[in-house]
Amino acid sequence: MRLMVLSLSIVFLLFCVMPDAYAAPSAYVTHSITVDLAEDYVDISAGFDGAHISLFGMREGKGDIAIVIRGPVRDMVVRRKGQLAGAWINRSSKKFKDVPLYYDYALSDMALDMKMPEALKKVGVGLSGLSYQLHDAHSTGKLRAEFKDALIRNKQAKALFPKKPQGVKFLNDKFFRADFYIPANVPVGEYRIQTYYFLKGKIRNVKTNILKVEQVGASAGIKSFSKEHSFIYGLLCVCVAVFAGWVSNRVRRA
Amino acid sequence: MQVYLPIAEMAVSAEMIFFVSAFVGFLSGIFGIGGGFLTTPFLIFIGIPPAVAVGTQATQLVASSTSGVLGHWGKGNVDFKIGGVMLVGGFFGSFIGIFIFKFLEKVGQIDFAISLLYILFLGGVSSMMLIESFRSAVFKHKTIRSEFNEMKHSKFMASLPWKMRFGRSKLYISALVPGSIGFVGGILASILGIGGGFLFVPAMIYILGMPTLLVAGTSLFQMAFTTGFATIMHAVASNTVDGFLALILIIGGVIGAQVGVSFSKVVRGAPARIVLAVIIMVVCFQMVAHLFLEPLDLFSTSVR
């Protein structure tokens, strides 16, 4: 009897200390989603004029889908112009950490965008959820918001941030697709696409896909050569220019 | 046709860039100007990062000044010795200019610095040109008389060390004078992406007192090297020379210049210079307006 109690309590204890993650998959079974990209790369060649990206997925259950696509992150400086002796010049600036150079998101239920649930906001769904920090901690909330708004507005003007979310279209009860457009001025690098399955205020599942945006062909060659052999590249540019000048002079005399 | 620029990392309309550079080349064929002061602001205006615009425009200037100097060389109108001394100053100038550019970019004042310098130079040059060409059109007299140059005989000029004899230009002056003119030109080539011809020509006539015949060829000679050096510096220091963009600019410029040169035989000097002065003034006023009118969005962003 004592032995039984002991072994039972050990089993019970084991269950208690077992990490949450270990138990998670069984809980997710009913909320499973499958996601894939039509193309997991975007090739930027000399004629590149933007690209459409399609994402296809399947869900089990009735939850909502929220998709976030994020380009490579960089630190960005936002500057505010002020008047000095009549001229408008940059007077003050704020630096933001880890701003995605490209950002877009899609929702299956547009009503979510009106009042983004905290759980989704936390993982960066929606422009209000973008979590980049100011470098200096001293600035007040109002100033911070002003600069942050300016950053978003500026990005929107270059079509690198969305004005409103894209839609997630359901082909039937299970299958869905979402389309994003990547404009011609996007930075190259790795783009992370995260698909969230959201039900009753909680994220039940998440899938991550990677999209590679790279220069290919002649433009990629020029870019990498100019980086790796910058001196020879510069010299070559000068040689081509001198040659063009010489040709032009020949033609003129003829 | 949209073309993706590998270094600027953006797509632009190739025709638009071609036509603008051909138009600027046309003007340079008529007036013998480099035209960098028109192309660089245009490139910045269509959204090409200022650093890339300046670095790439320097490459285009190599082509146009090479073409020009070969023409003058053929007629024997280049003073290589004085050009060489200017060149030494030009190398130092463009070297320092690159770092000034990078510094201004870092503190976020590069746009302001470029606008201000352009306004000062374009405003000054266009008003001088306007006055000069009006005079010569109305009074038919020569205003450029280097033979009676006062400056080169001034006490200050005579007191400077390192005197050199420049046989071709019939000058005996301190090497510091042409050297510092080249130095200023080099800085301008690096910061503004211009050859600086509109500064060199008056400086060489009024300060050095060079024979007018030699001025254009010699300034082009030193410009070809300074802009070439600036191109390599921009490529090495900040990777801001876009090969594709340079190619379009060069082709447009060369074709435009050919048309301009054949056109220049039928246009009269003084009225044509008035037209050019007005064009420069318009560019200048546009920049003044940009600087002094309240911008639509007070905020701007850049990647650190």
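Residues numbered from 1 in each chain as written. Chains lettered and ligands numbered in written order. Predicted model: local features only at pLDDT ≥ 70, side-chain atom pairs only at ≥ 80, totals over all residues. Heavy atoms only, no water.

(A) Representation of the overall build of chain A within the structure. Each helix and strand in chain A was counted, giving seven helices and 11 strands. The proportion of buried residues among the 254 residues of chain A is 41%. Within chain A, contacts between residues separated by at least 24 positions form 69% of all contacts whose residues are at least 6 apart in sequence. Of the accessible surface of chain A, which amounts to about 14,200 Å², a share of 60% is contributed by carbon and sulfur atoms. (Helix = DSSP H or I, 4+ residues; strand = E, 2+ residues; numbered from the N terminus. Buried < 20%, exposed > 50% of the residue type's maximum accessible area, 1.4 Å probe, protein only. Contact = heavy atoms within 4.5 Å. Areas by Shrake-Rupley, 256 points an atom, 1.4 Å probe, with all protein chains shown as cover.)

(B) Region of the structure containing the environment of Val-88 of chain B. Residue and element names in this part refer to chain B. Structurally, Val-88 is set in helix 4 (residues 80-106). In this structure Val-88 comes out as partly exposed when scored by relative accessible area, which is 46%. With 77 residues separating them in the primary sequence, Val-88 and Ala-11 have C-alpha atoms 38 Å apart.

(C) Spatial organisation of the nonpolar core. Phe-37, Phe-101, Tyr-118, Leu-122, Leu-192 and Ile-194 of chain B are the most contacted members of the largest nonpolar core, which totals 34 residues. Contributing elements (two or more residues each) for this core: strand 6 (87-100) of chain A together with helix 1 (14-31), helix 2 (36-45), helix 3 (50-74), helix 4, helix 5 (110-139), helix 7 (176-192) and helix 11 (269-292) of chain B. Not counting the four nearest positions on each side in its chain, Leu-122 of chain B is found in contact with Phe-37, Ile-280, Val-283 and Cys-284 of chain B. Judged by nonpolar contacts, the second largest core, of 30 residues, contains Ile-33, Ile-44, Phe-48 and Leu-55 of chain A. (Core = buried A, V, L, I, M, F, W, Y, C linked by side-chain atoms within 4.5 Å.)

(D) Spotlight on the confidence of the model for chain A. All names here are of chain A. With 83% of its residues at a pLDDT of 70 or more, chain A has an overall mean of 81. No element of chain A has a lower mean pLDDT than helix 2 (residues 20-28), at 45, and none a higher one than strand 9 (residues 175-182), at 92. Throughout residues 16-28 the model reports pLDDT below 50, and contacts reaching past four residues in sequence, or to other chains, amount to three contacts. (pLDDT = per-residue confidence, 0-100.)

(E) Seen up close, the sheet that holds strand 6 of chain A. The strand order across the open sheet built from three strands is 6(A)-5(A)-5(B), with neighbouring strands paired in antiparallel fashion. Of all strands in the sheet, those with a lone pairing partner are strand 6 of chain A together with strand 5 (299-303) of chain B, marking the two edges. Neighbour-to-neighbour, the strand axes of this sheet turn through a mean angle of 25°, independent of strand direction. (Pairing = 2+ DSSP bridges. Axes fitted to C-alpha atoms, helices over the stretch in contact; angles between N-to-C directions.)

(F) Layout of the interface of chain B and chain A. Every contact between the two is made by 50 residues of chain B and, on the other side, 59 residues of chain A. Taken together, the links from chain B to chain A amount to one salt bridge. One salt bridge connects Glu-9 of chain B with Lys-223 of chain A, and the closest N-O pair in it is separated by 3.5 Å. On inspection of chain B and its partner chain A, the count reaches 15 residue pairs in polar contact (both at pLDDT 80 or more). Of the residues forming the side of chain B that touches chain A, the biggest block, eight residues, is contributed by helix 10 (residues 243-264) of chain B. When grouped by side-chain class, the residues that make up the side of chain B that touches chain A number 28 nonpolar, 15 polar and seven charged. Note: strand 5 (residues 73-84) of chain A against strand 5 of chain B, five bridges, orientation antiparallel. (Salt bridge = Lys/Arg side-chain N within 4 Å of Asp/Glu carboxyl O. Polar contact = N/O pair within 3.5 Å; in protein donor to acceptor, adjacent residues only side chain to side chain. Nonpolar A, V, L, I, M, F, W, Y, C, P; charged D, E, K, R; others polar.)

(G) Geometry of the packing of helix 7 of chain B against helix 9 (residues 212-238) of chain B. Residues and elements named next belong to chain B. For the pair helix 7 and helix 9, the least separation of the axes is 9 Å and the interaxial angle reads 45°. Classified by the angle their axes make, helix 7 and helix 9 are oblique. Helix 9 is crossed by helix 7, and the crossing has right-handed handedness. Every residue of helix 9 that contacts helix 7 at Gly-182, Gly-186, Ala-189 and Ser-190 is listed here: Gln-222, Thr-226, Ala-230 and His-234. Taken together, the residues of the contact of helix 7 with helix 9 sort by class into two nonpolar, six polar and no charged. (Parallel < 35°, antiparallel > 145°, perpendicular 65-115°, else oblique. Left-handed = near helix turned anticlockwise from the far one by under 90°.)

(H) Here's a closer look at the sheet that holds strand 9 of chain A. Residue and element names in this part refer to chain A. The mixed open sheet is built from nine strands, whose spatial order is 1-3-9-8-7-4-10-11-2. Edge positions in the open sheet fall to strand 1 (33-37) and strand 2 (41-44), since each of these has one partner strand only. Neighbouring strand axes in the sheet, compared pairwise and without regard to direction, differ in orientation by 20° on average. Alignment of strand 10 (residues 189-199) against strand 11 (residues 202-215), held across 11 bridges, turns out to be antiparallel.

(I) Inspection of the environment of Phe-166 of chain B at higher detail. All names here are of chain B. Its place among the elements puts Phe-166 in strand 3 (residues 163-166). By relative accessible area, Phe-166 is classed as buried at 1%. Sequence separation between Phe-166 and Val-20 is 146 residues; the distance between their C-alpha atoms is 40 Å. Once you skip the residues sitting within four places of it in the chain, Phe-166 turns out to touch Asp-79, Lys-81, Ile-82, Val-85, Leu-171, Ile-173 and Pro-178.

(J) Looking closely at the pairing of strand 6 of chain A. All names here are of chain A. With 11 bridges joining them, strand 5 and strand 6 adopt antiparallel strand pairing. The partner of Arg-80 across the bridge, within strand 6, is Ser-92. Following strand 5, the chain reverses through two residues before pairing antiparallel with strand 6; Ala-85 in that reversal takes a positive phi of roughly 50°.

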